[in-house]
Amino acid sequence: MPLVTVDVIKNVFTPEQKADMVARVTDAMVAVEGENMRPYTWVRICEVEEGDWAIGGQPLTAPAVQAIARGETAA
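Residues numbered from 1 in each chain as written. Predicted model: local features only at pLDDT ≥ 70, side-chain atom pairs only at ≥ 80, totals over all residues. Heavy atoms only, no water.

## What to know about the nonpolar core
Now for step 1: Counting residues in each nonpolar core, the largest one holds six residues, listed as Val4, Val6, Val8, Met21, Val25 and Val43.
Now for step 2: Those elements that provide at least two residues to this core are β1 (3-9) and α1 (15-33).
Now for step 3: Here this core takes three residues from β1, the largest share from any one element.
Now for step 4: Not counting the four nearest positions on each side in its chain, Val4 is found in contact with Val25, Met29, Trp42, Val43 and Arg44. (Core = buried A, V, L, I, M, F, W, Y, C linked by side-chain atoms within 4.5 Å. Buried < 20%, exposed > 50% of the residue type's maximum accessible area, 1.4 Å probe, protein only. Helix = DSSP H or I, 4+ residues; strand = E, 2+ residues; numbered from the N terminus. Contact = heavy atoms within 4.5 Å.)

Okay, here's the thing in structure tokens:
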């Protein structure tokens, strides 16, 4: 039984976006493993607190990630 864990920074994604993420990740797994595995495919979204995730020594916040997603330079 596959379990896919997606780590994201808290407050970046809306509940609707997270539901879409779960559906699409499930669909991707089922495309590989077969439709019969859909009921047994688990997707878990784990939210990491803002500032507890860093890249290049710089902690990331939800607004910084949202700015990156809009194509802006993160502050």
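## With respect to the pattern of salt bridges
Oppositely charged side chains can pair when the atoms bearing their charge come close.
Now for step 1: Scanning the model with the defined rule gives six salt bridges in all.
Now for step 2: Ionic pairing is found between Glu47 and Lys18, a salt bridge with its closest N-O pair at 3.0 Å. Highlighted residues: Glu47 in strand β2 (residues 42-48) and Lys18 in helix α1, separated in sequence by 29 residues.
Now for step 3: The class for Glu47 is partly exposed, based on a relative accessible area of 35%.
Now for step 4: Between Asp27 and Arg38 there is a salt bridge; the shortest N-O distance is 2.9 Å. Placement of Asp27 in helix α1 and of Arg38 in the loop between α1 and β2 is noted, with a sequence separation of 11 residues between them.
Now for step 5: Owing to a relative accessible area of 40%, Asp27 belongs among the partly exposed residues under this scheme.
Now for step 6: Look at Arg38 and you get partly exposed, because its relative accessible area is 31%.
Now for step 7: One network of salt bridges, in which partners are shared, links Asp27, Glu35 and Arg38. (Salt bridge = Lys/Arg side-chain N within 4 Å of Asp/Glu carboxyl O.)

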